[in-house]
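Structure assessment
Next come the chains, spelled out residue by residue.
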Amino acid sequence: MLTIIEKLFTPQEVASMRESLLAAEWQDGAATAGSRSITVKQNLQIPTDSPLGQELGAEILRRLRAHPLFVSAALPHSIHPAKFNLYKDGGHYGLHVDAALMTAPSGNLMRTDLSATLFLNDPQEYEGGELTIETPFGNQAVKLPAGDLVLYPANSLHQVTPVTKGYRLASFFWMQSLVPDEGERTLLFDLDQTIQSLAAQHMENGAATKDAQVDRLGFIYHNLLRRWTKL
Ligand SMILES: O=C(O)CCC(=O)C(=O)O
Ligand SMILES: [Fe+2]
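Keep in mind that what you see is a predicted model, and the values were worked out from it rather than measured.

Within the protein chain, the regular secondary structure consists of 5 helices and 19 strands. Its C-alpha atoms give the protein chain principal-axis dimensions of about 60 × 35 × 35 Å. For the protein chain, the accessible surface area stands at approximately 12,000 Å², while carbon and sulfur atoms represent 55% of it. Each charge class in the protein chain can be summarised by its mean position, and for the 19 positive and 25 negative side chains these summaries are 5 Å apart.

Structural data, given as structure tokens:
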């Protein structure tokens, strides 16, 4: 399942992020590529120890953790610090899969269940730069307005096509989900969204009214979550 989180940041907020990021020091993206992906990766990244990158990255994750659609879709357990990349002059990232395991800042290993890209400039500002993801329903090309984020299964083959005009600025990161199985996670997401919309129909004067069937669905949701969570 691909999930789009729209307007995580306002155009003004993204413009201010863009301004500070474009003035920052960038390094060759090959510095953090694995032995296989180094052969297909041609972009720039903000170094991991950059205070600006760390500050903006933390702000992105704070915003995301408070977003109900994100929490419902990702059921996040741990999120790897957000990084930033820049593609221009034909920059691209050929077909690859992200590493299954990464070291969290705590030093603990984490499994990557979901990958995310937050677009930081608008699609009409560059040519190419589609994030193309192989899914069971064929290839999906994703190129979103500035401030929007796409969440996709980390086990997917994906690539970023060459940016032939302008530049593409983005933040990207990975997370471990409480529910590692994609099918189980998607069922929980669908059930949760259904419960939320039923609950919204049971609102009176802004307060939720009691509905036994909605409560019962909530009971089923939590017991499935209990069954499928892997801590
Ligand atoms: O730039 C993107 O949208 C994705 C980057 C990516 O796939 C990666 O760094 O592994
Ligand atoms: Fe990737």
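So, about the coordination of the iron ion (ligand 2). Note on the iron ion (ligand 2): its protein donors are His 96 (NE2), Asp 98 (OD) and His 158 (NE2). The metal-donor distances range over 2.1 Å. Sequence spacing among the residues donating to the iron ion (ligand 2) works out to H-x1-D-x59-H. Placement of the pair is His 96 in strand 7 (residues 92-96) and His 158 in strand 15 (residues 158-160), with a sequence separation of 62 residues. With respect to burial, His 96 and His 158 carry one shared label: buried.

Bringing the domain arrangement of the protein chain into the picture now. Here the domain parsing of the protein chain yields domain 1 (3-177) and domain 2 (182-228). If you average the C-alpha positions of domain 1 and of domain 2, the two centres end up 30 Å apart. On the side of domain 2, 8 residues touch domain 1, which itself brings 9 residues to the contact. Carbon and sulfur atoms supply 60% of the area buried between domain 1 and domain 2, which totals about 660 Å² over both sides. There are 0 salt bridges connecting domain 1 and domain 2. Our count for the domain 1 to domain 2 interface comes out at 3 residue pairs in polar contact (both at pLDDT 80 or more). With 4 residues, helix 3 (residues 68-74) is the single largest residue contributor to the side of domain 1 that touches domain 2. Of the residues contributing to the side of domain 1 that touches domain 2, the split by class is 6 nonpolar, 2 polar and 1 charged.

In the vicinity of ligand 1, the contacting residues are Asn 85, Tyr 87, Tyr 93, His 96, Asp 98, Thr 117, Leu 131, His 158, Val 160, Arg 168, Phe 172 and Trp 174. Asp 98 places a polar side-chain atom, nitrogen or oxygen, 3.0 Å from an oxygen atom of ligand 1. The side chain of His 158 places a nitrogen or oxygen atom 3.0 Å from an oxygen atom of ligand 1. Protein chains shield 97% of the accessible area of ligand 1, which is 290 Å² for the free molecule. Taking a 2 Å distance to the grid points as the criterion, the majority of the atoms of ligand 1 fall inside the largest pocket. Mapped onto the shell around ligand 1, the elements with two or more residues apiece are strand 6 (83-88), strand 7, strand 15 and strand 17 (167-177). Of the residues forming the shell around ligand 1, the biggest block, 3 residues, is contributed by strand 17. Here the shell around ligand 1 is composed, by residue class, of 6 nonpolar, 4 polar and 2 charged.

For the rest of this paragraph, the subject is the confidence of the model for the protein chain. When pLDDT is averaged along the protein chain, the result is 95; 99% of the residues meet or exceed 70. Across the predicted assembly, pTM comes out at 0.96 and ipTM at 0.99.

This next bit is on the UniProt feature "binding site: 2-oxoglutarate" (unreviewed entry) in the protein chain. UniProt's feature table lists "binding site: 2-oxoglutarate" (unreviewed entry) at Arg 168, given in the numbering used throughout. Within the secondary structure, Arg 168 sits in strand 17. We classify Arg 168 as buried; its relative accessible area is 2%. Apart from residues lying up to four places away in sequence, Arg 168 is in contact with Asn 85, Leu 86, Tyr 87, Thr 117, Phe 119, Asn 121, Tyr 126, Gly 129, Leu 131, Val 160 and Val 163.

Attention now goes to helix 2 (residues 51-65). Over its 15 residues, helix 2 extends 21 Å from the first C-alpha to the last, a length consistent with the 21 Å expected when each residue adds 1.5 Å. Those residues of helix 2 that sit buried are Gly 53, Leu 56, Gly 57, Ile 60, Leu 61 and Leu 64. For helix 2, the angular spread of the buried residues around the axis is 140 degrees, confining them to a single face. When the buried face of helix 2 is taken as reference, the exposed residues oriented beyond 90 degrees from it are Pro 51, Glu 55 and Arg 62.

As a further point, take the nonpolar core. A general trend in soluble globular proteins is that nonpolar side chains are found buried together. Core analysis: the biggest nonpolar cluster contains 30 residues, and Leu 149, Leu 151, Phe 173 and Met 175 have the highest contact counts within it. Considering every element that reaches this core, the biggest residue donor is helix 2, with 4 residues.

What counts and how
- Residues numbered from 1 in each chain as written.
- Chains lettered and ligands numbered in written order.
- Predicted model: local features only at pLDDT ≥ 70, side-chain atom pairs only at ≥ 80, totals over all residues.
- Heavy atoms only, no water.
- Helix = DSSP H or I, 4+ residues; strand = E, 2+ residues; numbered from the N terminus.
- Areas by Shrake-Rupley, 256 points an atom, 1.4 Å probe, with all protein chains shown as cover.
- Lys, Arg positive; Asp, Glu negative; His and termini not counted.
- Charge placed at Lys NZ, Arg CZ, Asp CG, Glu CD.
- Donors = N, O, S within 2.8 Å, 3.2 Å for Na, K, Ca; no water.
- Buried < 20%, exposed > 50% of the residue type's maximum accessible area, 1.4 Å probe, protein only.
- Domains from an automatic or database assignment.
- Contact = heavy atoms within 4.5 Å.
- Buried area = accessible area lost by both parts, 1.4 Å probe.
- Salt bridge = Lys/Arg side-chain N within 4 Å of Asp/Glu carboxyl O.
- Polar contact = N/O pair within 3.5 Å; in protein donor to acceptor, adjacent residues only side chain to side chain.
- Nonpolar A, V, L, I, M, F, W, Y, C, P; charged D, E, K, R; others polar.
- Near = heavy atom within 4 Å.
- 1 Å grid on protein atoms, 1.4 Å probe; cavity = no way out; pocket = protein on both sides within 12 Å on 5 of 7 lines; lining within 4 Å.
- Sits in = over half its atoms within 2 Å of the grid points.
- pLDDT = per-residue confidence, 0-100.
- UniProt positions renumbered as here; feature names shortened; annotations may be inferred.
- Expected span 1.5 Å × (residues − 1).
- Arc of directions from axis to C-beta.
- Core = buried A, V, L, I, M, F, W, Y, C linked by side-chain atoms within 4.5 Å.

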